[in-house]
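# Chain and residue survey
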Amino acid sequence: MSTPSDKLRTFCHPDGEKSCGACCGMYNHVDHGRDQTWQRLLERTQAYFESARIDDEESLRAFRRRWEDDAGVKLLTGLPSCPFLGFVDLLSAHEPQVVGCLVHPLQNEGVDGRDCGIYDRFLCDDYLCAAHDVLRREEARLVIDAVPDSYLYGLVITNPRFVRYLLNMVADETGARPTAKVLASPEVVDAAGRCFALFDDWPYRGGDGIFGQVKVAGELDTERRAMPADGLAVAEEPVDVLLVCLGTECETVLQLERARELVRQPLGELIRAVAKVQP
Ligand code: SF4
Ligand code: SF4
């Protein structure tokens, strides 16, 4: 929820090319694929510029009434999805790519429309997700360097367990935790990017698997997703932690083996890339 001015402190807007809109409800939709999400944001942003004005509170409230998702299309029905999340660069010369708050004062010459959103300006300002507490600086840097666009970025940066565990597995194989310098090398960034790209269209994702290891269990309730080998006649493997972070659900052992293989491939490339540049 934070803004470009906070970019040195937060992961929300790390550069001018991508950003995260997860806590504003970007993925809280039954149609949360890349194309559908992009289309939804685009339509909403265009409608915002056509029908609302930041200094006209009634127009903002009318926009919210028209564009706020109802419970029927949400995954976690009790979690608000803010209609004011859109493309903050829609009016720029390039293709829209940066998601953010359309009613933020930094987008509107100091006028603040966030009290008309799903929270209020204070909540929107103060909230920082757990990734800010959990991720080390070099881990966040790797995500920022390796992930090219907002759709993927929001999925990865809000999944610190995946990032940490991925690098733990690399350390187990190479004998040392990769340093910030190693993680900044182009080969490693490329290979990490292929690991993070698994989130884009993960074929073994459960219906609510876009939330990763968090499973929807009610209106606002969540529980931890079961390990994918649970209930199957097969032993757990270390890579299964990455699978659960990807929101994996498998009905058969064959599916699980295929899912593991899809993860092991880029993981192996990352291990080799780190081993090559590590002193
Ligand atoms: S989910 Fe976290 S990184 Fe994403 S916008 Fe919210 S606070 Fe920022
Ligand atoms: S008003 Fe708050 S919740 Fe809505 S898009 Fe802006 S920052 Fe996100």
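This one's a predicted model, so the numbers in the text were calculated from it and none came from an experiment. (Residues numbered from 1 in each chain as written. Chains lettered and ligands numbered in written order. Predicted model: local features only at pLDDT ≥ 70, side-chain atom pairs only at ≥ 80, totals over all residues. Heavy atoms only, no water.)

### A few points about the domain arrangement of the protein chain
This is how it is decided: In this document the domain limits rely on a domain assignment from an automatic tool or a database. Contact criterion: two residues are considered in contact whenever any of their non-hydrogen atoms come within 4.5 Å of each other. Throughout, buried area stands for the accessible area (probe radius 1.4 Å) lost by two parts on being put together, summed over both. By definition, a salt bridge exists where a carboxyl oxygen of Asp or Glu is found within 4 Å of a side-chain nitrogen of Lys or Arg. What qualifies as a polar contact is a pair of N or O atoms within 3.5 Å, subject to a donor-acceptor requirement within protein and to the restriction that residues adjacent in sequence count only when both atoms come from side chains. Note on residue classes: Ala, Val, Leu, Ile, Met, Phe, Trp, Tyr, Cys and Pro are nonpolar, Asp, Glu, Lys and Arg are charged, and everything else, Gly too, is polar.
Domain annotation of the protein chain identifies domain 1 (4–129) and domain 2 (160–277). The C-alpha centroid of domain 2 is placed 29 Å from the C-alpha centroid of domain 1. Contact residues are listed per partner, giving nine residues for domain 1 and 12 residues for domain 2. Interface of domain 1 and domain 2: buried area, both sides summed, is about 850 Å²; carbon and sulfur atoms make up 67% of it. On the domain 1 side of the interface with domain 2, the three residues burying the most area are His 32, Leu 75 and Leu 76, jointly 54% of the side's total. Summed over the shared surface of domain 1 and domain 2, the number is one salt bridge. Remark: the boundary between domain 1 and domain 2 carries three residue pairs in polar contact (both at pLDDT 80 or more). Residue classes in the side of domain 1 that touches domain 2 are distributed as four nonpolar, four polar and one charged.

### Considerations on the nonpolar core
The criterion, for reference: Among the buried residues, those of types Ala, Val, Leu, Ile, Met, Phe, Trp, Tyr and Cys that are joined through side-chain atoms within 4.5 Å form a nonpolar core. Type-normalised accessible area, obtained with a 1.4 Å probe on protein chains alone, sets the label of each residue: buried when under 20%, exposed when over 50%, and partly exposed for intermediate values. Helix and strand definitions here come from DSSP, where helices need a minimum of 4 consecutive H or I residues and strands a minimum of 2 consecutive E residues; each element is numbered from the N-terminal end.
Core analysis: the biggest nonpolar cluster contains 74 residues, and Tyr 48, Phe 196 and Leu 270 have the highest contact counts within it. No other element matches helix 11 (residues 253–277), which puts eight residues into this core. Each of two domains, domain 1 (4–129) and domain 2 (160–277), supplies a minimum of three residues to this core. Dropping the residues within four chain positions of it, Leu 270 is found in contact with Leu 166, Val 170, Val 188, Ala 191, Ala 192 and Cys 195.

### Describing the site of ligand 2
Stated formally: When we say a residue is near a molecule or strand, we mean one of its heavy atoms is within 4 Å of it.
Every residue close to ligand 2 is listed here: Cys 24, Cys 82, Phe 84, Leu 85, Cys 101, Arg 114, Ile 118, Tyr 119 and Cys 124. For the shell around ligand 2, the class distribution of residues is eight nonpolar, no polar and one charged.

### Considering the environment of Cys 20
Looking at the secondary structure, you find Cys 20 in the segment before helix 1 (34–51). Along the sequence, Cys 20 and Leu 90 sit 70 residues apart, while their C-alpha atoms lie 16 Å from each other. In this structure, Cys 20 is in contact with Cys 12, Val 99, Tyr 153, Gly 154, Ile 157 and Thr 158, ignoring residues within four places of it in sequence.

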